[in-house]
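Examining the three-dimensional arrangement
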Amino acid sequence: MSLAEALSEGLQVTGIGLIIVFSVLVILMLVMMAMKAIFYKPNKKDKTKEPSEKVETAPISDTAVDVTTVPVPAAADSGIDEGTLLAVITAAVAAVMDTPASRLNIKSYRRIGDNAPAWNKAGVRDIIDSRF
Amino acid sequence: MIEGLLSFLSRTGVAALIENAKLGIAAASSGFDSLISVIGTPLMIVIACLLLYLAIVKQFEPLLLLPIAFGMLLSNLPMFANSSAIMMHPEYFNSADGLQMGEIIKHGGLLDLLYLGVKLGIYPPLIFLGIGVMTDFGPLIANPKSIILGAAAQLGVFTTFLGALVLSALIPGINFGVNEAASIGIIGGADGPTAIYVTKTLAPELLPAIAIAAYSYMALIPVIQPPIMKLFTTKKERQIVMEQLRPVSKTEKLVFPVIVTIVVALIVPDAVTLVGMLMLGNLAKESGVVDRLIDTAQNSLMNIITIFLGITVGATAKAETFLTVETLGIVVLGLIAFCFSTAGGVILGKIMCKLTGGKINPLIGSAGVSAVPMAARVAQSVGQKENPSNFLLMHAMGPNVAGVIGSAVAAGVFLSLFAH
């Protein structure tokens, strides 16, 4: 095969190949967009929800408990319903404070920024890097 | 007794080594050929040991490289022609008359019989079944645009095809036709089973070189990709934090594999063997009703096939077909393929970043090569170096799994153009 033949054959196949690969994947993209339109019902509550979680605990009876702010992984956006989320937060606060959950009353919650300690982030990064 | 001893000695491997060298020199047409016939067998054993070293000490894809290297060792041990101890006869598979089933059944060794699984295209689709079980298409369904990055990363496949043809036109001693060029190009898909599937059909004599190049470069992705990713992106682009992905419902995850199979079949039927098995595995996983099957597919079956595939692919590497200038050409072109695929993904990522007003981090484009999940981890790692609180991993998994579909489609294109 001469250089000219090689170039023309190569360019032709490259063109055809890329067009086919792109068109198949673009069709799949459209299919996925259609799927979103048909099957995905965003939870209305999610939109009205405040973008952050701040947990305030209030004593029901005699115990006086300070307002606690807990960073919660961004579960609120992932469609977990609010009831479940509240239950999880209550359980976590109860465990940390060593108080029965029945004595806690979550008044409001608000997500705070990503304030994981530096060592925490470094640990996560180490784990990811070690999996190569 | 002495006679018995002498007759035994004349049948040893050492005697075979000397005998084969003599026969080789007598039959050689050039100085290079006679050199290969003398040092070929010992050199192949040394190469096999080197690959074993890379697999065990350096841990380069050891799950595959170890059986490949040992297969290479087994098929290059010195044996007399027609010895019944020979485990692999590549000539039964690559002869001009096609597959010699009769010979394989009558005289075939263990590796000949196992190699039928490669030659008949059984192992790569079964590996895809296991990959399907292990793949989560959720991040892709949540962000459909990222599938385009999986297509862009096939750029290397086709440019390398072009490169291989140009190289063989320019350099005497390298003689790649379109079939060989297609098999080399597919290395750029960064997908071992796909590369093997295409090569066993289009250019079976290049199988060992292509498989070894593909798997070695996949192991080297954390070294190959970051410089290219940095070359094509600015520091600011690498720091982009992407919006969190929406949750994906179970219905979507169930419908997706079925639709992909149908769409791919309608356009590129040759890709269905691979894509279909991938999607079967995925549907089995997402359905949640066949736990026993998915456990087998992703563990026992996958491991069995990996052993068979590795050892037989390695065994096809014989001195006369492996120690050639073309193998060197494949090693170089394979690297070029990887670089172009990475660049293709990153450049399209950059374009999408501009079009969306900076919502897409171009680094995730590099994950469009289908080495799952290695390429996504590289995107995560490079992104996090610029912005320690950035998590690109799930965003990069979208293009990453799209790359698996993309390279299977690219393989289908080559097969439909050249296999008939």
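Residues numbered from 1 in each chain as written. Chains lettered and ligands numbered in written order. Predicted model: local features only at pLDDT ≥ 70, side-chain atom pairs only at ≥ 80, totals over all residues.

Here we come to the overall build of chain A. Counting secondary structure elements, chain A contains four helices and two strands. Secondary structure elements of chain A, listed N to C terminal, follow the sequence α-α-β-α-β-α. For chain A, buried positions account for 15% of its 132 residues. Pairs at least 24 apart in sequence give 63% of the contacts found in chain A among residues at least 6 apart. (Helix = DSSP H or I, 4+ residues; strand = E, 2+ residues; numbered from the N terminus. Buried ≥ 20, exposed ≤ 12 C-beta atoms within 10 Å, placed from the backbone. Contact = placed C-beta atoms within 7 Å.)

Glancing now at the overall build of chain B. Looking only at helices and strands, chain B has 23 helices and zero strands in total. Here the C-alpha radius of gyration of chain B, 23 Å, is about what a compact globule of 420 residues would show, namely 22 Å. With the C-alpha coordinates of chain B rotated into their principal frame, the extents come out at 85 × 50 × 40 Å. Looking at the 420 residues of chain B, the share that counts as buried comes to 55%. In chain B, of all internal contacts separated by at least 6 residues, the share reaching a separation of at least 24 is 74%. (Rg over C-alpha atoms; globule rule 2.2 N^0.38 Å.)

Moving on, we come to the interface of chain B and chain A. Contacts between chain B and chain A engage 46 residues on the former and 38 residues on the latter. Elements with a minimum of two residues in the side of chain B that touches chain A: helix 10 (147-152), helix 11 (155-170), helix 17 (250-267), helix 22 (374-386) and helix 23 (393-418) of chain B. Among the residues making up the side of chain B that touches chain A, the classes are represented as 31 nonpolar, 12 polar and three charged. (Nonpolar A, V, L, I, M, F, W, Y, C, P; charged D, E, K, R; others polar.)

All names here are of chain B. Two elements in contact, helix 17 and helix 18 (residues 272-287), have axes whose closest approach is 8 Å; the angle formed by their N-to-C orientations is 170°. Taken together, the axes of helix 17 and helix 18 lie roughly antiparallel to each other. Residue-level contacts link K253, L254, P257, V258, V260, T261, V264 and A265 of helix 17 to V272, V275, G276, M279, N282, L283, E286 and S287 of helix 18. Grouping the constituent residues of the contact of helix 17 with helix 18 by class yields 10 nonpolar, four polar and two charged. (Axes fitted to C-alpha atoms, helices over the stretch in contact; angles between N-to-C directions. Parallel < 35°, antiparallel > 145°, perpendicular 65-115°, else oblique.)

Within the largest apolar cluster, 151 residues are counted, with the highest numbers of intra-cluster contacts made by L25(A), I210(B), A211(B), A375(B), A379(B), V409(B) and A411(B). The biggest single contributor to this core is helix 23 of chain B, with 14 residues. Discounting chain neighbours no more than four positions away, the residues touching A375(B) are A190(B), I221(B), Q225(B), S366(B), A367(B), V369(B) and N400(B). (Core = buried A, V, L, I, M, F, W, Y, C linked by C-beta atoms within 7 Å.)

Our next topic: the packing of helix 8 (residues 123-134) of chain B against helix 13 (residues 192-202) of chain B. How two helices pack is summed up by the angle between their axes together with the distance between the axes. Residue and element names in this part refer to chain B. For the pair helix 8 and helix 13, the least separation of the axes is 9 Å and the interaxial angle reads 160°. Considering their axes alone, helix 8 and helix 13 lie roughly antiparallel with respect to each other. The handedness of the crossing between helix 8 and helix 13 comes out as left-handed. From helix 8, P124, I127 and F128 reach across to helix 13, where they touch P193, T194, I196 and Y197. (Left-handed = near helix turned anticlockwise from the far one by under 90°.)

Attention now goes to the confidence of the model for chain B. For chain B, per-residue confidence averages 92 on the pLDDT scale, and 100% of positions sit at 70 or higher. Looking over chain B, one finds the lowest element-wise mean pLDDT in helix 20 (residues 319-322) of chain B, namely 86, and the highest in helix 18 of chain B, namely 96. (pLDDT = per-residue confidence, 0-100.)

Residue and element names in this part refer to chain B. Helix length check: helix 4 (residues 62-75) (14 residues) gives 20 Å between terminal C-alpha atoms against 20 Å at 1.5 Å per residue, within 8%. Burial within helix 4 is extensive, with 10 of its 14 residues counted as buried. Along helix 4, the residues that are buried comprise L64, L65, L66, P67, I68, A69, G71, M72, L73 and S75. Check the buried side of helix 4 and you find it contacts helix 3 (31-56), helix 7 (110-119), helix 13, helix 14 (207-219) and helix 19 (291-315). (Expected span 1.5 Å × (residues − 1).)

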